[in-house]
Amino acid sequence: EMATSNAELNEVVSAIEKAGVVISDALRTVHLIVSDHSTDTVNASGDEAKYMDHVADDAFQNALKACKQVCKFASEEVENETETGNPGKYYVVYDPLDGSQNLHVNLNTGSIFGIFDKANPKDGNDLVAAGYILFSSALQMVLAVKGEGVKQYTYDPSKQEFRTFSNDKITVPAKGKVYGINEGNQAAWTSQAVVSSAHIVQLIPTTGAFVV
């Protein structure tokens, strides 16, 4: 199923989907392979790297190197960018397995990625697509494409492909009962605008759940 209207970009998304399937399969058996997820190594971001972080990063690297449209990629697990030598123009940045610290209690994890259509982007405004893959009871991908909106895809094992079961694009509702701002790091916030906005949200009466 074509994720975007751009054939070259679809090849990049397809490579990321392949990495997601490999990671999902590995997650189903990781507890049978290792009892201690620690590796005694630290990644480029300063976080302790887990066994599955390395497995997930290998999956992404293999898939992106094999995609002729990807000229370069950067992983949270590796300090330097990787040149693929491919002729394509796309540059992919990713966290191969966000939430790996939670694997020992079998909680959900995911992969986060962004796609640029130039090798040396200036900032996030140069993104042409971004999204995440969720490893849970279902293998799902949420993909935002510049100018085309946001859609959710679910992996269908019987067809070995990601499918969307609705043509509806995902949008943020005008009003909601949930917010996510990682209040646990509130003491480290340096932006007064963020502090003030969070305070205003906290004062709004609600009967819904808060994600903090």
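Placed above this text is the structure.
This is a predicted model, so every value here is computed, not measured.

Reading the values: the criteria
Residues numbered from 1 in each chain as written. Predicted model: local features only at pLDDT ≥ 70, side-chain atom pairs only at ≥ 80, totals over all residues. Heavy atoms only, no water. Buried < 20%, exposed > 50% of the residue type's maximum accessible area, 1.4 Å probe, protein only. Helix = DSSP H or I, 4+ residues; strand = E, 2+ residues; numbered from the N terminus. Pairing = 2+ DSSP bridges. Phe/Tyr/Trp six-rings, centres within 6.5 Å; stacked < 30°, edge-to-face > 60°. Salt bridge = Lys/Arg side-chain N within 4 Å of Asp/Glu carboxyl O.

Trainee: Looking at this structure, how should I read the pairing of strand S5 (residues 90-98)?
Mentor: Burial runs high along S5: seven of the nine residues are buried. Relative to S5, strand S3 (residues 70-75) runs parallel, the two being bridged by five bridges. Pairing of Val70 across the sheet is with Tyr90, part of S5. Across six bridges, the pairing between S5 and strand S6 (residues 109-116) is antiparallel. Residue pairing for S6: Asp98 is matched across the bridge by Gly110.

Trainee: Mind showing me how you'd approach the packing of aromatic side chains here?
Mentor: Given two aromatic rings, their pairing is described by the distance between the two centres and the angle made by the two planes. Under the defined criterion, the tally for this structure stands at four aromatic pairs. Ring pairs connect the aromatic residues Phe60, Phe73 and Tyr94, which therefore count as one cluster.

Trainee: Teacher, can you tell me more about the pattern of salt bridges here?
Mentor: Side chains that carry opposite charge are capable of pairing whenever their charged atoms lie near each other. Per the counting criterion, the structure on display carries four salt bridges. Between Glu81 and Lys72 there is a salt bridge, and its shortest N-O distance comes to 3.5 Å. On the basis of relative accessibility, which here comes to 3%, the residue Lys72 falls in the buried class. The shortest N-O distance in the salt bridge between Lys118 and Asp126 comes to 3.6 Å.

Trainee: Teacher, can you tell me more about the sheet that holds S6 here?
Mentor: Adjacent strands of a sheet form backbone hydrogen bonds with each other and so pair up, either parallel or antiparallel. The sheet built from eight strands is open, its strands ordered S4-S3-S5-S6-S7-S8-S9-S10 with mixed pairing. The open sheet terminates on both sides in strands that have one partner only, identified here as strand S4 (82-83) and strand S10 (161-163). As paired elements, strand S9 (residues 149-156) and S10 share three bridges and run antiparallel to each other. Residue pairing in the sheet places Tyr155 in a bridge with Phe162 of S10.

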